[in-house]
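Listed here are the chains, written in short residue letters.
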Amino acid sequence: MSGYQGPMRVLSGIQTSGEMHLGNYIGAIRKFVALQHEYDCHYFLADLHAITVWQEPEQLRRQTRHIAASFLAAGIDPKIATIFPQSKVRAHAELAWIFNCVARLGWLDRMTQFKDKAGKNAERASVGLYTYPVLQAADILVYKATHVPVGEDQKQHLELSRDIAGKFNHDFKQPDFFPLPEPLIKGQFGDAGARIMSLKDGSKKMSKSDPSENACIFLRDDADTIARKIKKAKSDADVLPSEPAGLEGRAEAANLVGIYAALSGKTTADILSEYGGQGFGVFKPALADLVVEKIAPIGDELRRLEADPAHLDGLLTAGAEKAAVIADETVKEVKEIVGFLV
Ligand code: TYM
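Bear in mind that the values here come from a model prediction, so they are computed numbers and not experimental data.

Ranked by size, the top nonpolar core spans 62 residues in total, and within it Tyr25, Tyr43, Phe71, Phe283 and Val291 carry the most contacts. The element contributing the most residues to this core is helix α12 (residues 280-306), with 12 residues. Residues contacting Phe283, with those up to four places away along its chain left out, are Leu240, Leu256, Val257, Tyr260, Ile271 and Tyr275. Membership of the second largest hydrophobic core comes to 45 residues, among which are Phe84, Leu129, Ile140 and Phe178.

For the ligand, the set of nearby residues contains 28 residues, the closest of which are Tyr132, Asp139, Gly151, Asp153 and Ile196. Side-chain polar atom of Asp139 to a nitrogen atom of the ligand: 2.7 Å apart, as the coordinates give it. Ile196 is positioned with one of its backbone polar atoms (N or O) 2.7 Å from a nitrogen atom of the ligand. When contributions to the shell around the ligand are tallied by element, the ones reaching two or more residues are β1 (9-15), α1 (22-35) and α7 (127-141).

Relative to each other, helix α10 (residues 251-264) and α12 sit at 40°, their axes nearing to 10 Å. The angle between α10 and α12 places the two elements in the oblique class. Considering the relative orientation of α10 and α12, their crossing is left-handed. Contacts between α10 and α12 pair Ala253, Leu256, Val257, Ile259, Tyr260, Leu263 and Ser264 from the former with Phe280, Phe283, Lys284, Ala286, Leu287, Leu290, Val291 and Lys294 from the latter. In terms of residue class, the contact of α10 with α12 is made up of 12 nonpolar, one polar and two charged.

When you line up the elements, Lys229 lands in helix α9 (residues 223-232). The class for Lys229 is buried, based on a relative accessible area of 0%. Excluding residues that lie within four positions of it along the chain, Lys229 makes contacts with Leu199, Glu213, Asn214, Cys216, Ile217, Phe218 and Asp221.

Here the largest pocket is characterised by a volume of approximately 1200 Å³. As for the largest pocket, its lining consists of 44 residues, and the residues nearest its centre are Gln15, Gln113, Asp153, Gln154 and Lys205. Residues that form the lining of the largest pocket fall into these classes: 15 nonpolar, 19 polar and 10 charged.

Time to look at the pairing of strand β3 (residues 82-85). The two faces of β3 match: Thr82 and Phe84 on one face and Ile83 and Pro85 on the other face are all buried. Where strand β2 (residues 40-46) and β3 come together, four bridges link them in parallel fashion. The residue of β3 that forms the bridge with His42 is Thr82.

With that out of the way, let us pick up the environment of Asp289. Considering the arrangement of structural elements, one finds Asp289 in helix α12. Sequence separation between Asp289 and Glu243 is 46 residues, and the spatial gap between their C-alpha atoms is 23 Å.

Between its first and last C-alpha atoms helix α13 (residues 309-338) spans 41 Å; for 30 residues at 1.5 Å apiece the expected length is 44 Å, and the two agree. Every buried residue of α13 is listed here: Leu312, Leu316, Gly319, Ala320, Ala323, Ala324, Ala327, Thr330, Val331 and Val334. Of the residues trailing α13, Gly339 is marked for its positive phi of about 110°.

Bringing the pattern of salt bridges into the picture now. Overall, the coordinates contain 17 salt bridges when judged by the stated rule. A salt bridge links Arg61 to Glu58; its shortest N-O distance comes to 2.7 Å. With Arg61 and Glu58 both in helix α3 (residues 57-74) and three residues apart, this pair spans about one turn of that helix. Using a relative accessible area of 48% as the deciding quantity, one classes Glu58 as partly exposed. A salt bridge links Asp236 to Arg250; its shortest N-O distance comes to 2.7 Å. Of the two residues, Asp236 sits in the loop between α9 and α10 while Arg250 sits in the loop between α9 and α10, which places them 14 residues apart along the sequence. In this structure Arg250 comes out as buried when scored by relative accessible area, which is 12%. Shared partners join several salt bridges into a network, and the residues in it are Glu19, Arg220 and Glu306.

Interhelical geometry of α9 versus α12 gives an angle of 145° and a closest axis separation of 9 Å. Considering the relative orientation of α9 and α12, their crossing is right-handed. Contact residues: Ala223, Ile226, Ala227, Ile230, Lys231 and Lys232 in α9; Lys284, Leu287, Ala288, Val291, Val292, Ile295 and Ala296 in α12. Looking at the contact of α9 with α12 residue by residue, the class counts come to 10 nonpolar, no polar and three charged.

About the criteria used
- Residues numbered from 1 in each chain as written.
- Predicted model: local features only at pLDDT ≥ 70, side-chain atom pairs only at ≥ 80, totals over all residues.
- Heavy atoms only, no water.
- Core = buried A, V, L, I, M, F, W, Y, C linked by side-chain atoms within 4.5 Å.
- Buried < 20%, exposed > 50% of the residue type's maximum accessible area, 1.4 Å probe, protein only.
- Helix = DSSP H or I, 4+ residues; strand = E, 2+ residues; numbered from the N terminus.
- Contact = heavy atoms within 4.5 Å.
- Near = heavy atom within 4 Å.
- Polar contact = N/O pair within 3.5 Å; in protein donor to acceptor, adjacent residues only side chain to side chain.
- Axes fitted to C-alpha atoms, helices over the stretch in contact; angles between N-to-C directions.
- Parallel < 35°, antiparallel > 145°, perpendicular 65-115°, else oblique.
- Left-handed = near helix turned anticlockwise from the far one by under 90°.
- Nonpolar A, V, L, I, M, F, W, Y, C, P; charged D, E, K, R; others polar.
- 1 Å grid on protein atoms, 1.4 Å probe; cavity = no way out; pocket = protein on both sides within 12 Å on 5 of 7 lines; lining within 4 Å.
- Points joined across faces, edges and corners; volume = space filled by probe spheres on them.
- Pairing = 2+ DSSP bridges.
- Expected span 1.5 Å × (residues − 1).
- Salt bridge = Lys/Arg side-chain N within 4 Å of Asp/Glu carboxyl O.

Remember, this is a structural readout, not a statement about activity or role.
Below, the structure written as structure tokens:
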């Protein structure tokens, strides 16, 4: 247990490895927007994590700006929240090394995301992909963040961050030094949106690395593209049930209703009492209208912001300078605790 007494602080990051999609928006970005008015928030572009798999250098730079633009377009205000690229704040990598010496191999062996990403050829995966969750713990704890808004797929990594914080506090007899960070997984509306699935396969999460363009709604998609992708989304031949229990075993139907719930703020029960007994010929156009209403304006703003990379770079440099003040202080304290000459 940590007896941490410091201020509440929110932190989260998104890998700069592809285009932002509806899963990132619902699972993460819109929570970032809501939290910025209540807490001291730090949101970063995880470029050090992105290079755990190969990234073309120019594309990596573009993707980093793309995510920054997505944050702003969705409503994150850089005057309130601190936005920065991870690689611009050295303290992340410095603390990650120290945490590599705190985390145990057995803990990392249990990480399911490594197994999924490395696939059958784990021998050829980068060492960085394996120690990825240790860097994630450093990202969080270098700001002594207490709350981390993420989608459900990050739950195991957050548990590891808590284990590392707890072991550091215990080994160095500093029970109050690091907080044990809490994940914020549920959306504002119950469970809706903790995990958005592919539009083509309800058993796979919506992911930027999905080879099928139509599996994912991107924040960049215009209204016509969004409507077309929803029309083509996999569903089934049955009508919608009138009760949530009727969605069991119908992964695609449950996902489409889940997206509707997450974006409308209605409960699944309310949606089914409205659409129960209707087929997808009725439900899909209603869903398309809702997604277009919520996402298309973000896409328009995103394109406008991306047209001025110098402006984005300026904001990110200023954000990194601000973040480094807190992060450098933590690393200084950690070095002293560990026994380095300071
Ligand atoms: P990443 O880049 O894969 O995803 C960014 C955020 O989007 C959420 N997300 C989803 N939520 C619901 N449904 C989906 N289909 C979906 N796909 C993605 C993720 O849960 C995440 O919140 N390891 C992290 C990045 C990271 C980080 C951190 C996060 C690095 N350091 C420190 C928090 C704190 C990742 O790969 O996210």
